[in-house]
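Close look at the chain arrangement
For reference, the chains in residue letters:
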Amino acid sequence: KQEVTQIPAALSVPEGENLVLNCSFTDSAIYNLQWFRQDPGKGLTSLLLIQSSQREQTSGRLNASLDKSSGRSTLYIAASQPGDSATYLCAVLLQNSNSGYALNFGKGTSLLVTP
Amino acid sequence: NAGVTQTPKFQVLKTGQSMTLQCAQDMNHEYMSWYRQDPGMGLRLIHYSVGAGITDQGEVPNGYNVSRSTTEDFPLRLLSAAPSQTSVYFCASSSGGQPQHFGDGTRLSIL
């Protein structure tokens, strides 16, 4: 079974700092990896999707990298803002999933950006 | 653009009651799925469907039924609610391996 681990579980940083969230997975035979944001009491919002053949994806202040061989992905947030406070979830889709396109989720990193 | 719509947003049930959580998507996605999210457990797959008329079990299917009579709708039925089913339920849809879209969730409490 694919295990997805996110470190740290919680993170508090002052506004303006650059930060890195980590995600590791045990099965490198992935189809893609997706980063989500979840605000308290809300659903999941897709931030970035990296296909297995890609090394990174960028959207605004967000950059996600993928090293499939080592089973790692990082989400880099530049110049953090209080509005970035949320839980960030990493999820992988296996190449040979027996559950269609079901995602395997990490437990998330809870980020607090203080003014 | 409605995306994925879940109803109700909140529900309180008594043990033994039954209910249906509704999920509808307007993006013509063939793949739909149900997850539950519990503190410390992350999101776990309950059931999924790869198209109308086709459903299958995920990681934690016991106590839940699903059906997929149309592409748009994928309801989740609790047959006899138990306190262990207290959770937040999310419905998701996608087209193949493309980014998955999630609803806002249904917060369910079983007393």
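Use the structure listed above.
Keep in mind that what you see is a predicted model, and the values were worked out from it rather than measured. (Residues numbered from 1 in each chain as written. Chains lettered and ligands numbered in written order. Predicted model: local features only at pLDDT ≥ 70, side-chain atom pairs only at ≥ 80, totals over all residues. Heavy atoms only, no water.)

1. Here we look at the nonpolar core
Burial of nonpolar side chains together is a common tendency in soluble globular proteins. Selection criterion: Within this scheme, the nonpolar core is defined by two criteria: the residues are buried Ala, Val, Leu, Ile, Met, Phe, Trp, Tyr or Cys, and they are joined through side-chain atoms within 4.5 Å. A simple rule labels every residue: compare its accessible area, found with a 1.4 Å probe on the protein chains alone, to the largest value its type can have, and call it buried under 20%, exposed over 50%, or partly exposed in between. Here a helix means four or more residues in a row that DSSP labels H or I, a strand means two or more in a row labelled E, and each is numbered from the N terminus. Two residues qualify as a contact provided that any one of their heavy atoms is within 4.5 Å of a heavy atom in the partner residue.
By size, the foremost hydrophobic cluster in this structure holds 23 residues, and its most contacted members are Leu33(A), Trp35(A) and Leu75(A). Residue assignment for this core shows that the elements contributing at least two residues are strand 3 (19–25), strand 4 (30–38), strand 5 (44–51), strand 7 (62–67), strand 8 (72–77), strand 9 (86–94) and strand 11 (109–114) of chain A. Among the elements that take part in this core, strand 9 of chain A stands out by supplying five residues, more than any other. Among residues more than four places away in sequence, those in contact with Leu33(A) are Cys23(A), Phe25(A), Leu48(A), Leu49(A), Ile50(A), Leu66(A), Ser73(A), Cys90(A), Ala91(A) and Val92(A). Within the second largest apolar cluster, 19 residues are counted, among which are Ile46(B), Leu78(B), Leu108(B) and Ile110(B).

2. Thoughts on unusual backbone geometry
With an omega of 0°, the peptide bond between Ile7(A) and Pro8(A) qualifies as cis. Summarising the element assignment, Pro8(A) is placed in the loop between strand 1 (4–7) and strand 2 (10–14). Of the consecutive residues Thr7(B) and Pro8(B), the connecting peptide bond is found in the cis state with omega at -5°. On the secondary structure map, Pro8(B) appears in the loop between strand 1 (4–7) and strand 2 (10–13). If you check the backbone angles, Ala79(A) has positive phi at about 45° while not being a glycine. Mapped onto the fold, Ala79(A) is located in the loop between strand 8 and strand 9. Accessibility expressed as a relative area gives 36% for Ala79(A), which makes it partly exposed. With a phi close to 60°, Asn28(B) is a non-glycine residue in the positive phi region. Relative to the helices and strands, Asn28(B) resides in the loop between strand 3 (19–25) and strand 4 (31–38).

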